[in-house]
Amino acid sequence: MSLEDNIRKVVPYIPGEQPRNKVLKLNTNECPYPPSPKVLNEMHSFDWKGLRLYPDPEMSDLIDSLASYYGVKPTEVFAGTGSDDVLSMCFLTFFAGDKPVLFPDITYSFYDVWAEVYRIPYITKELDKDFRIRAEDYMGENGGIVIANPNAPTGISSGRDLLEEIIKNNRDSVVVVDEAYIDFGGESVLPLIEDYDNLIVVRTMSKSRALAGMRIGYCFGCEKLIKYLNDVKYSVNSYTLNSPSIAAGKAAVEDEEYFREIVGKTVATRQKTAEELKELGWDVLPSDTNFLFASPPAGYDAGTIFEELKNRGIYVRHFNKKRITDHLRISMGTDEQMSIFISTIKEITGK
Ligand code: PMP
């Protein structure tokens, strides 16, 4: 026995780079627009002297406004510091059995990291050749299921019926549906929480509400599941969201008009950029998110283009992972930023 034997060792999740110099950042699916003016006003008038106090551990202001916006009870809502925190709490709370948790082979690369760090057994299920989820893969015995819908990094979503089939056939395990990108497309399974007590739907303010820096995530589920989550949360860290985040999150939920405006612009930019890439011979997967997953035409290597873009100050994401190494994930910037991206791609590929 040595000191080393007593240490929990993990291969960590690697977040996309946050470069300090001025670059065009299309690598972490942030929103290219600022947060709602209502959020900025809230921050201007915030009682900063009040920071000497702990924040409200129940985050009532935020939870109540989320509940009323989504038409659920406050007892059906849980919040955390980004959906990463919410998902991590879900892994810790709901996947405590001995059976393996199931998720796709190509999905958010944090899922296997949480499974490893919490010592949760897991099995990955191959997406089909078009990167789609097959419901039948999720019908065997399992200790829980996690599905990102729309999926990342592919951007592809599954229909509500397919997900309901999975939820319906797994009443003894919790199905966590990670809807980080749902505001940009796809069908939410949120209405199903009223029918299924084994469903958790996770959301974030990092993408469609332009608040990645505030770290606000939340999820919905039946009262019993939300209570179990809170019991674990209070056993790890009672004060997750800080007071400015609670206030900013509430203000963001209350600005529907601005939210629709920035989501609409992002979707339009996505369609335009997808067309432009296709014209250049790229294979672009259908996306319901604020990013595109695309592979360059034959004769070009995605990894090389990634490096070439980086050398020119444009950051996208390349995953050195089986099945997707020939793709790049490109977050949507403003139209102006995307035209710089497209002209740089033309320069690199000589098209
Ligand atoms: N789920 C998915 C599928 C994501 O891509 C991300 C962003 N990295 C997250 C969850 C976490 O987002 P956040 O912690 O900023 O809410």
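The structure we're discussing is the one just above.
Analysis parameters
- Residues numbered from 1 in each chain as written.
- Predicted model: local features only at pLDDT ≥ 70, side-chain atom pairs only at ≥ 80, totals over all residues.
- Heavy atoms only, no water.
- Near = heavy atom within 4 Å.
- Polar contact = N/O pair within 3.5 Å; in protein donor to acceptor, adjacent residues only side chain to side chain.
- Areas by Shrake-Rupley, 256 points an atom, 1.4 Å probe, with all protein chains shown as cover.
- Helix = DSSP H or I, 4+ residues; strand = E, 2+ residues; numbered from the N terminus.
- Nonpolar A, V, L, I, M, F, W, Y, C, P; charged D, E, K, R; others polar.
- Salt bridge = Lys/Arg side-chain N within 4 Å of Asp/Glu carboxyl O.
- Buried < 20%, exposed > 50% of the residue type's maximum accessible area, 1.4 Å probe, protein only.
- Phe/Tyr/Trp six-rings, centres within 6.5 Å; stacked < 30°, edge-to-face > 60°.

## Brief notes about the site of the ligand
Thinking step 1. Neighbouring the ligand are 13 residues, the closest being S83, D178, Y181, T204 and S206.
Thinking step 2. A distance of 2.6 Å is found between an oxygen atom of the ligand and a backbone nitrogen or oxygen belonging to S83.
Thinking step 3. For the ligand, an oxygen atom lies 2.6 Å from a polar atom in the side chain of S206.
Thinking step 4. Protein chains shield 92% of the accessible area of the ligand, which is 400 Å² for the free molecule.
Thinking step 5. Top element by residues in the shell around the ligand is helix α3 (residues 82-94). It accounts for 4 residues.
Thinking step 6. Residues that form the shell around the ligand fall into these classes: 5 nonpolar, 4 polar and 4 charged.

## A closer look at the pattern of salt bridges
Thinking step 1. This model, assessed by the stated rule, comprises 19 salt bridges.
Thinking step 2. The closest approach of N and O atoms between R134 and D137, which form a salt bridge, is 3.1 Å.
Thinking step 3. Given the relative accessible area of 19%, D137 is considered buried.
Thinking step 4. E261 is paired through a salt bridge with K265; the nearest N and O atoms lie 3.7 Å apart. Of this pair, E261 and K265 both sit in helix α8 (residues 256-279), separated by 4 residues, roughly a single helical turn.
Thinking step 5. Take E261: its relative accessible area is 41%, and that puts it in the partly exposed class.
Thinking step 6. K265 gets classed as partly exposed once you look at its relative accessible area, which sits at 34%.
Thinking step 7. Taken together, the shared-partner salt bridges in this structure form one network comprising E179, D183 and R203.

## Observations regarding the packing of aromatic side chains
Thinking step 1. Throughout the structure, instances matching the rule amount to 19 aromatic pairs.
Thinking step 2. Aromatic side chains F46 and W48 sit 4.7 Å apart centroid to centroid with 65° between the ring planes, which places their arrangement in the edge-to-face category.
Thinking step 3. Accessibility expressed as a relative area gives 16% for F46, which makes it buried.
Thinking step 4. Ring geometry for Y54 against Y239: centres 4.5 Å apart, planes inclined by 10°, an arrangement best described as stacked. Taken as a pair, Y54 in the loop between α1 (37-44) and α2 (60-70) and Y239 in the loop between α6 (223-236) and α7 (243-253) lie far apart in primary sequence, 185 residues in all.
Thinking step 5. On the basis of relative accessible area, Y54 is assigned to the exposed category, the value being 65%.

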